[in-house]
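# Residue-level structure breakdown
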Amino acid sequence: HPSQISLCLYWLPKPPNPTLPPLPVDVKLPTYANLHFEGASLRDCVMAGSSQTNIEAAKQALQAALGEPNVAVLSVHCGSFHALISGPTDQVQRAQLKQSA
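Each chain has its residues counted from 1, running along the sequence as written. Reporting in this predicted model follows two pLDDT cut-offs: at least 70 for local features of residues, and 80 or more for side-chain atom pairs to be given and counted; totals over whole chains, interfaces and linings ignore these cut-offs and use all residues. Note that water and hydrogens are dropped before the side-chain values are worked out from all heavy atoms of the structure.

Turning our attention to the pairing of strand S3 (residues 81-87). Partly exposed residues are those whose accessible area sits between 20% and 50% of the maximum for their type, while under 20% is buried and over 50% is exposed, using a 1.4 Å probe and protein chains only. Strands here are runs of E lasting at least two residues and helices are runs of H or I lasting at least four, both read from the DSSP assignment and numbered beginning at the N terminus. The buried fraction of S3 is high, at 5 of 7 residues. One ladder, built from 7 bridges, connects strand S1 (residues 31-37) with S3; its direction is antiparallel. Bridge pairing in S3 links Tyr32 to Ser86. Only strands that DSSP links by at least two bridges are regarded as paired with each other. For strand S2 (residues 72-77) and S3, the ladder comprises 5 bridges, and the chain directions are antiparallel. Bridging from a neighbouring strand, His77 pairs with His82 of S3. Following S2, the chain reverses through 3 residues before pairing antiparallel with S3; Gly79 in that reversal takes a positive phi of roughly 125°.

Okay, the state of the cysteines next. By convention in this document, the label disulfide applies to cysteine sulfur atom pairs within 2.5 Å. Tallied over the full model, the rule gives 1 disulfide. Shown here is the disulfide that connects Cys45 with Cys78, its sulfur atoms set 2.0 Å apart. The sign of the -90° torsion about the S-S bond sets the Cys45-Cys78 disulfide as left-handed. Remark: Cys78 occurs in the loop between S2 and S3 and Cys45 occurs in helix H1 (residues 42-48); sequence separation between them is 33 residues.

Right, here's the structure in full:
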């Protein structure tokens, strides 16, 4: 250890916390929902994800079955068939109602 140490402290003012810029009032964020479907077999679910063509066909079929053109199918999980969807709030809510019927 050095024989002489300066113990002076200089307290500087704390800088302000960075913030995000304000958002416009009319911003509409997408809504997400996790849909669960009974009756789909593991084999069918795996086949739906076996190629890029099958994945796109499954997404389009699910979108058509839900009847909501602006709802995007983000992911599908096999076991029992789970689909994560995103879109405008009203369309996601209608898709949830249709799925539960």
